[in-house]
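Below are the chains, spelled out letter by letter.
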Amino acid sequence: MSVTWRHLPASAREIAGAASDAVQAAKIQDNEAYEVATGRLATAERSGLVLGSVVRLLLEATHPDGLDGDDVRQVLQRCVRAAARWRPDVDPHVVLVLLAGALGVYDPGEDDSPPDPAALAQHGPLLVADLLAVTGRPLDGYLSAAFAEIERTETQD
């Protein structure tokens with residue numbers, strides 16, 4: 001775990017550790033480790049907020065000129081295809097919800113079948129791992145930036 005997370009409360013450190021473990025397991029396609037790490041994410045309060053912030057930051061890094069519908073479709077297809085090789089239960093709808101949520105355009109009230117927190121926790125690291133592969137950068141910097149952004153937003157509110 002990164003030194004920059006030491007100042008965070010225990011719950012935030014747990015999210016950071018579980019997210020790091022899940023993304024690493026996704027990179028090496030280790031189902032057992034992935035299940036354990038995503039189980040931890042599913043029970044960690046606010047893990048969705050953190051992973052959503054990481055996804056948004058990664059989307060901004062991979063699409064500095066903004067995203068259009070084709071870009072979102074390409075990210076969705078690439079992620080689902082890559083994940084389906086080792087996670088046959090990957091659900092494109094859940095990945096789309098994660099993308100839309102990270103972009104601030106998802107309204108669960110308008111979704112006939114919104115994914116539950118466990119499904120989001122199982123799919124979020126797949127999306128993060130896919131986007132990290134495009135950037136070629138490590139997760140630590142994005143996690144640190146996400147926590148800083150969340151802290152800044154909550155301090156201003």
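A. Representation of a nonpolar patch on the surface in the model. On the surface, Leu67, Leu103 and Val105 cluster together into a nonpolar patch covering about 240 Å² of accessible area. Of note, Leu67 is situated in the loop between α3 (47-62) and α4 (69-84).

B. Focus on the nonpolar core. Residues Leu127 and Val128 are the most contacted members of the largest nonpolar core, which totals 48 residues. Looking at this core, the elements with two or more residues in it are α1 (10-28), α2 (31-43), α3, α4, α5 (92-102), α6 (117-135) and α7 (139-156). The biggest single contributor to this core is α1, with nine residues. Apart from residues no more than four positions distant in its own chain, Val128 is found in contact with Val23, Leu51, Val54, Val55, Leu58 and Leu139.

C. Spotlight on the packing of α1 against α2. It is the contact of α1 with α2, at a shortest axis distance of 8 Å, that shows an interaxial angle of 150°. Between α1 and α2, the angle falls in the class roughly antiparallel. Between α1 and α2 the crossing geometry is left-handed. Contact residues: α1 offers Glu14, Ile15, Gly17, Ala18, Ala19, Asp21, Ala22, Ala25 and Ala26, while α2 offers Ala33, Tyr34, Ala37, Thr38, Arg40 and Leu41. Partitioning the contact of α1 with α2 into residue classes produces 10 nonpolar, two polar and three charged.

D. Highlighting the side chain of His63. The residue His63 is located in the loop between α3 and α4 in this model. At 2.9 Å, the side chain of His63 forms a polar contact with the side chain of Thr62. With sequence-adjacent residues up to four places away left out, His63 is seen in contact with Asp71 and Val75.

E. Looking closely at the environment of Thr135. Residue position: Thr135 is located in helix α6. In this structure the C-alpha to C-alpha distance between Thr135 and Ala61, which are 74 residues apart in sequence, comes to 7.3 Å. Not counting chain neighbours up to four residues away, the residues in contact with Thr135 comprise Leu58, Ala61, Thr62 and Tyr142. From its side chain, Thr135 meets the backbone oxygen of Leu132 in a polar contact 3.0 Å long. In this structure the side chain of Thr135 is engaged in a polar contact, spanning 3.1 Å, whose partner is the backbone nitrogen of Arg137.

Criteria and thresholds
- Residues numbered from 1 in each chain as written.
- Predicted model: local features only at pLDDT ≥ 70, side-chain atom pairs only at ≥ 80, totals over all residues.
- Heavy atoms only, no water.
- Patch = residues over 30% accessible without salt bridge, like charges linked within 9 Å, V, L, I, M, F, W, Y side chains within 5 Å.
- Areas by Shrake-Rupley, 256 points an atom, 1.4 Å probe, with all protein chains shown as cover.
- Salt bridge = Lys/Arg side-chain N within 4 Å of Asp/Glu carboxyl O.
- Helix = DSSP H or I, 4+ residues; strand = E, 2+ residues; numbered from the N terminus.
- Core = buried A, V, L, I, M, F, W, Y, C linked by side-chain atoms within 4.5 Å.
- Buried < 20%, exposed > 50% of the residue type's maximum accessible area, 1.4 Å probe, protein only.
- Contact = heavy atoms within 4.5 Å.
- Axes fitted to C-alpha atoms, helices over the stretch in contact; angles between N-to-C directions.
- Parallel < 35°, antiparallel > 145°, perpendicular 65-115°, else oblique.
- Left-handed = near helix turned anticlockwise from the far one by under 90°.
- Nonpolar A, V, L, I, M, F, W, Y, C, P; charged D, E, K, R; others polar.
- Polar contact = N/O pair within 3.5 Å; in protein donor to acceptor, adjacent residues only side chain to side chain.

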